[in-house]
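As a plain string of letters, each chain reads:
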Amino acid sequence: MKQNQGKYLVKLIRAALRGVVVSEEPEGEWENLYSLAKWNSVEAISSFALDEAIVPENIYKKWKNEADTTLFRQISFDAEREQILEKMAERGLSYLPLKGILIAGYYPQPGMRSMADNDILYGIVEPAQDGGYRLQGDDADESMMQAQKVMVSVMKELGYKVESLKGNHDCYMKEPCFNFEMHRELMPAEREQYNYFKDAWKRAVPDGENSYGYKFSDEDEYIFFIAHAFKHFDVSGCGIRCAVDEYVFLQKKESVMDWEYIDGELKKLGVAEFESDLKSLANNAFGSTGELTAENEKMLYFMLGSGTYGTMENHIRRSLDQIEGENKKGHYWKNRFFVSEEKCKMYYPFFYRHPGFRWLLPGYRVIRGIMIHPGKLWREWKHVRNYKE
């Protein structure tokens, strides 16, 4: 029944993309179908295909309210983002909008694609001698530290609270719903694709609107979209919204992109097979004449079960599966306690700058984890304990 409800949800999305409604009833409870749509962040787009005549009134209103909220958030984020970008330009910060900001505009109607946050690459950049752009100055780390101070100042002036300045992006929050992730780098240091995207400004081109705004070419935008999707899929899974994004991206730009270049870069990144599988699922699930293959269904059910941001169980299983040799659980905990130099630099800058205190880092991480999210650590321990190959 869960698989059939998943297929019905796919049918709703396919119909919504074509501006029609689905008049046949699903198997099982409508409440469960709604929960599945919400778990995958596709309640907005699927609502466009609901037939009011067959949906229980309370579910129909709840579903449509989610769609209205998605449209409101998109409009609000667009206006808020323009204000932020204007302030950034005034302070000499260059910016390059990423991911959902762009993809939401490829959907047939506004309000179809939900977003929890906006992602923007930023920095103080200058033309590179060998083409493209680069972070300003001789020391990229120093340049980024300077840019981050300006970014913090800009966001505080606009009423934002600094949630985090660690990892590969800064996180800023403001009521009622605004969450901006301002990226210093496109990939976490532990990912194999990190080096490819390390000099992201190299691939940037001016967006034509002002001297501080940049974009990627259609091809490089797609390559980053696939690499980012693979990161989530590979780490802890990702929901069906990713496949919808793939479909609308291809519908918008497939015919005008240089696929020889794209295919070559995807192979360099090691994500060509994932892209092929995702493209096949997207076209067969949401295309007008497609039919799901057995491999499509396997990927579909994994994504539907993973939800938008994946699950801890998926993450732990995939981590343990990738460890070679015996005593996988022991190696897993060793990797959790001791971090690499790049990860230390990105997530624990104090310990990176003061190596004499590095021996305290494992204990600090354990104590911090117990204080902040003890339930999460308990669930992690249980998943590792119950792991079987």
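Everything here concerns the structure above.
Note that the coordinates shown come from a computational prediction; the quantities given were computed from them, not determined experimentally. (Residues numbered from 1 in each chain as written. Predicted model: local features only at pLDDT ≥ 70, side-chain atom pairs only at ≥ 80, totals over all residues. Heavy atoms only, no water.)

1. As for the sheet that holds strand β5 (residues 161-164)
Then comes step 1: Across the sheet, which stays open at both edges, the five strands sit in the order β1-β2-β7-β6-β5 with mixed pairing between neighbours. Each edge of the sheet is formed by a strand with only one pairing partner; in this case those strands are β1 (94-98) and β5. Pairs of neighbouring strands in the sheet enclose a mean axial angle of 30°, with direction left out of account.
Then comes step 2: Bridging between strand β6 (residues 169-174) and strand β7 (residues 178-183) involves six bridges; their strand directions are antiparallel. Paired with Asp170 across the bridge in β7 is Met182.
Then comes step 3: Those strands touched by helix α4 (residues 57-90) are β1, β2 (118-123), β6 and β7, and its axis lies near 40° from that of β7. (Pairing = 2+ DSSP bridges. Helix = DSSP H or I, 4+ residues; strand = E, 2+ residues; numbered from the N terminus. Axes fitted to C-alpha atoms, helices over the stretch in contact; angles between N-to-C directions. Contact = heavy atoms within 4.5 Å.)

2. Structural notes on the pattern of salt bridges
Then comes step 1: Evaluation of the coordinates by the stated rule reveals 20 salt bridges.
Then comes step 2: A salt bridge links Lys99 to Asp119, with the nearest nitrogen and oxygen atoms 3.3 Å apart. Of the two residues, Lys99 sits in the loop between β1 and α5 (100-103) while Asp119 sits in strand β2, which places them 20 residues apart along the sequence.
Then comes step 3: When its relative accessible area of 18% is taken as the criterion, Lys99 is described as buried.
Then comes step 4: Each member of the salt-bridge network shares a partner with another, and the members are Lys38, Glu43 and Glu66. (Salt bridge = Lys/Arg side-chain N within 4 Å of Asp/Glu carboxyl O. Buried < 20%, exposed > 50% of the residue type's maximum accessible area, 1.4 Å probe, protein only.)

3. Digging into the layout of surface pockets
If a probe as big as a water molecule is rolled over the atoms, it shows which places are left empty.
Then comes step 1: The volume enclosed by the second largest pocket comes to roughly 930 Å³.
Then comes step 2: Considering the residues around the second largest pocket, the lining is formed by 32 residues, among which Ala140, Asp141, Met144, Glu185 and Lys345 are closest to the centre.
Then comes step 3: If one sorts the elements of the lining of the second largest pocket by residue count, helix α6 (residues 140-157) sits on top with six residues.
Then comes step 4: Here the residues of the lining of the second largest pocket sort into 15 nonpolar, three polar and 14 charged. (1 Å grid on protein atoms, 1.4 Å probe; cavity = no way out; pocket = protein on both sides within 12 Å on 5 of 7 lines; lining within 4 Å. Points joined across faces, edges and corners; volume = space filled by probe spheres on them. Nonpolar A, V, L, I, M, F, W, Y, C, P; charged D, E, K, R; others polar.)

4. Considering the side chain of Asp51
Then comes step 1: Its place among the elements puts Asp51 in the loop between α3 (43-47) and α4.
Then comes step 2: Although Asp51 lies buried, it forms no salt bridge, and the closest oppositely charged side chain, Lys64, sits 10 Å away as judged by the N-O distance. (Lys, Arg positive; Asp, Glu negative; His and termini not counted.)

5. Examining the side chain of Gln193
Then comes step 1: As for its position among the elements, Gln193 is in the loop between β7 and α7 (194-197).
Then comes step 2: Judged by its relative accessible area of 2%, Gln193 falls in the buried class.
Then comes step 3: Among the polar contacts listed, one links the side chain of Gln193 to the backbone oxygen of Leu269, at a separation of 3.2 Å. (Polar contact = N/O pair within 3.5 Å; in protein donor to acceptor, adjacent residues only side chain to side chain.)

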